[in-house]
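An overview of the molecular structure
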Amino acid sequence: MYNEIMDDASLEYLTVTRRKLHRLAEPSGREYNTSRFIADELARLGYKPKFIETGVYCDVGKGASRLAFRADIDALPITENVAATGADFAAENGCMHACGHDGHTANLMNVARIVGGKSDVPLRFIFQYGEEGVGGSRVMIDGGVLDGVDEIYALHLSPELGEGKVGYCYGAMFAGCVEFDVGIDGIASHCAVPEKGANAVHAAIEAAAAAFASADKNGLLLNLGKITGGAARNIVADKSLSEYTLRFYDSAKSESVMLDIERALIAADDKYHTSHRLTTHTVYPPVVNHALCVDKVRAVMGEAAVATAPKNTAEDFSNYLLERPGCMVWLGIGSDGHTSPLHSDTFGFDERALLTGTELFLRLIASHK
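Figured I'd write up the structure that's included with this text. (Residues numbered from 1 in each chain as written. Predicted model: local features only at pLDDT ≥ 70, side-chain atom pairs only at ≥ 80, totals over all residues. Heavy atoms only, no water.)

Linking two cysteines covalently via their sulfur atoms produces the bond known as a disulfide. For the structure on display, the rule yields zero disulfides. Counting only cysteine sulfurs, cysteine 327 is the nearest neighbor of cysteine 169, a cysteine outside any disulfide, at a range of 10 Å. In this structure cysteine 169 comes out as buried when scored by relative accessible area, which is 5%. (Disulfide = S-S within 2.5 Å. Buried < 20%, exposed > 50% of the residue type's maximum accessible area, 1.4 Å probe, protein only.)

Once that is clear, we can look at the packing of helix α8 (residues 291-301) against helix α10 (residues 354-367). Taken N-terminus to C-terminus, the directions of α8 and α10 make an angle of 110 degrees; their axes are 9 Å apart at the nearest point. In terms of axis orientation, α8 runs roughly perpendicular to α10. Across the interface between the two elements, Lys296, Val297, Val300 and Met301 from α8 touch Thr356, Leu360, Arg363, Leu364 and Ser367 from α10. Residues of the contact of α8 with α10, tallied by class, amount to five nonpolar, two polar and two charged. (Axes fitted to C-alpha atoms, helices over the stretch in contact; angles between N-to-C directions. Helix = DSSP H or I, 4+ residues; strand = E, 2+ residues; numbered from the N terminus. Parallel < 35°, antiparallel > 145°, perpendicular 65-115°, else oblique. Contact = heavy atoms within 4.5 Å. Nonpolar A, V, L, I, M, F, W, Y, C, P; charged D, E, K, R; others polar.)

Most of strand β5 (residues 149-162) is tucked away, with eleven of its 14 residues classed as buried. Bridge count for strand β3 (residues 66-72) against β5 is five bridges, and the pairing is parallel. Its bridge partner lying in β5, arginine 66 is registered against valine 149. Examined bridge by bridge, β5 and strand β16 (residues 326-334) share eight bridges and lie parallel to one another. Its bridge partner being in β16, histidine 156 is matched across the sheet by tryptophan 330. (Pairing = 2+ DSSP bridges.)

The next subject is the sheet that holds strand β15 (residues 305-307). Strand order across the open sheet formed by eight strands is β1-β2-β4-β3-β5-β16-β6-β15, with mixed pairing between neighbours. Whereas interior strands pair on both sides, the edge strands pair on one side only; in this sheet they are β1 (50-52) and β15. Each neighbouring strand pair of the sheet contributes to a mean axis angle of 30 degrees, computed without reference to strand direction. As paired elements, strand β6 (residues 166-168) and β16 share two bridges and run antiparallel to each other. In the strand pairing of β16, valine 166 is matched with leucine 331. Taken strand by strand, helix α2 (residues 32-44) contacts β1, β2 (55-60) and β4 (123-128), and its axis lies near 15 degrees from that of β2.

Once their charged atoms are close, side chains differing in charge can pair, the charge on each being opposite to the other. With the rule as written, the count across this model stands at 22 salt bridges. The salt bridge involving aspartate 316 is made with arginine 70; its shortest N-O contact spans 2.9 Å. With aspartate 316 in the loop between β15 and α9 (318-323) and arginine 70 in strand β3, the pair connects residues that are 246 residues apart, well separated along the chain. In the salt-bridge network here, residues are joined through shared partners; they are Arg18, Arg19, Asp102 and Glu351. (Salt bridge = Lys/Arg side-chain N within 4 Å of Asp/Glu carboxyl O.)

In this section: α8. Looking at α8, one finds that the buried residues are Cys293, Val294, Val297, Val300 and Met301. Down the axis of α8, the smallest arc covering the buried residues is 130 degrees, so these residues share one side. The outward face of α8, more than 90 degrees from its buried face, is lined by the exposed residues Leu292 and Ala299. Of the surrounding elements, those touching the buried residues of α8 are β5, β6, β14 (287-289), β15, β16 and α10. Glycine 302 sits one or two residues past α8 and shows a positive phi near 60 degrees. (Arc of directions from axis to C-beta.)

Let us look at the sheet that holds strand β8 (residues 176-185). If you walk across this open sheet you meet the four strands as β10-β12-β8-β13, and the pairing is antiparallel. The open sheet has two free edges, formed respectively by β10 (221-229) and β13 (275-284), since each of these has just one partner strand. Ignoring which end each strand starts from, the neighbouring axes of this sheet average 15 degrees apart. As judged from the ten bridges shared by β8 and strand β12 (residues 239-248), these two strands associate in the antiparallel manner. Within the sheet, the bridge partner assigned to aspartate 181 lies in β12 and is glutamate 243. Against the sheet, helix α7 (residues 251-272) engages β8, β12 and β13, with an angle of about 165 degrees to β13.

By size, the foremost hydrophobic cluster in this structure holds 80 residues, and its most contacted members are Phe69, Phe125 and Phe127. Sequence-distant contacts of phenylalanine 69, defined by excluding residues within four places in its chain, comprise Leu108, Leu123, Arg124, Phe125, Ile126, Tyr153, Phe361, Leu364 and Ile365. The next biggest cluster of nonpolar side chains, apart from the first, holds 22 residues, and it includes Ala207, Ala211, Ala215 and Leu246. (Core = buried A, V, L, I, M, F, W, Y, C linked by side-chain atoms within 4.5 Å.)

Let us look at unusual backbone geometry. In the Ramachandran plot, histidine 273 falls in the positive-phi region, its phi being about 60 degrees despite a non-glycine side chain. Here histidine 273 lies in the loop between α7 and β13. Phi angles above zero are rare outside glycine, and histidine 343 is one such case at about 70 degrees. Here histidine 343 is to be found in the loop between β16 and α10.

This is the structure we're talking about:
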């Protein structure tokens with residue numbers, strides 16, 4: 001369904017650009033070469049790029065009702081399995097675009113190329129840094145990237161969806177998340193005289209049980225992915241560290257669970273004579289799409305648009321949607337040759353799938369009033 005609004009150079013440009021970005025892959029907050037590559041290319045295309053940290057954005061067109069599109073540019077701390085992928089453009093920096101951000105970015109750069117630095121519709125192209133864990137969207141918003149923007153759209157690659165399809169979801173599409181650590185300090189002693197110590201592991205286990213009970217009561221997903229502590233089997237543990245993530249669609253319920261966890265930790269300290277630290281690293285609200293914007297996607301994509309269910313993964317595009325109407329959609333990349341899931345060291349896709357993403361954004365621009 002690549003029609004008259006798509007030019008003949010798109011596939012070549014998407015392929016070359018995506019593979020350059022893939023090779024450059026850099027972690028969140030350190031996308032120095034990636035952002036410079038994007039800015040240089042935008043300048044070559046006739047834009048005047050601006051930076052917010054290692055994020056980049058540019059405008060085209062004059063007037064009110066500015067339409068924005070966002071792509072994320074950072075990679076994950078995953079070493080690419082080149083023996084399995086066979087890619088001759090494999091990442092060189094010890095990390096990998098295993099969540100498809102190279103595809104998101106190449107797609108938006110192709111749209112910028114086709115628009116060509118001039119447009120009757122006022123547009124903003126946002127290349128956001130730090131989506132994978134440092135919340136770059138919030139920094140870019142605070143830096144003014146949404147000033148003058150009326151609507152914002154984004155896409156995310158989906159191996160579960162076939163090529164040529166766009167997956168939409170009314171309301172919540174991604175869960176919100178809170179990533180946090182619980183550190184507990186106790187006092188070491190020999191296990192034969194436990195009364196002389198303060199058992200940090202016992203306190204951690206008791207607090208964890210209360211945390212899971214609260215999450216279950218509120219219908220939320222809590223995961224304790226890593227727990228460390230103690231020195232030896234016959235020593236009362238003087239330290240423990242538990243690493244959690246909480247996923248939710250109702251922010252009030254997440255706040256209730258976090259309060260319950262804090263209460264459980266205080267109770268554990270009282271019982272075991274320990275002390276605790278609850279450290280929050282990341283808080284992403286749920287991605288909640290605006291119905292009218294989903295309607296627009298469905299209208300411009302027709303039968304290529306298919307309904308999808310929410311997922312418990314998280315995405316900091318949510319912060320934009322707290323400020324402006326907009327939506328995120330899934331872009332299908334599923335094919336016989338590419339079946340690896342997101343966040344795997346063998347993730348890959350055929351760049352032809354990005355043509356549908358370019359068409360989606362161009363159609364939204366053409367329909368914007």
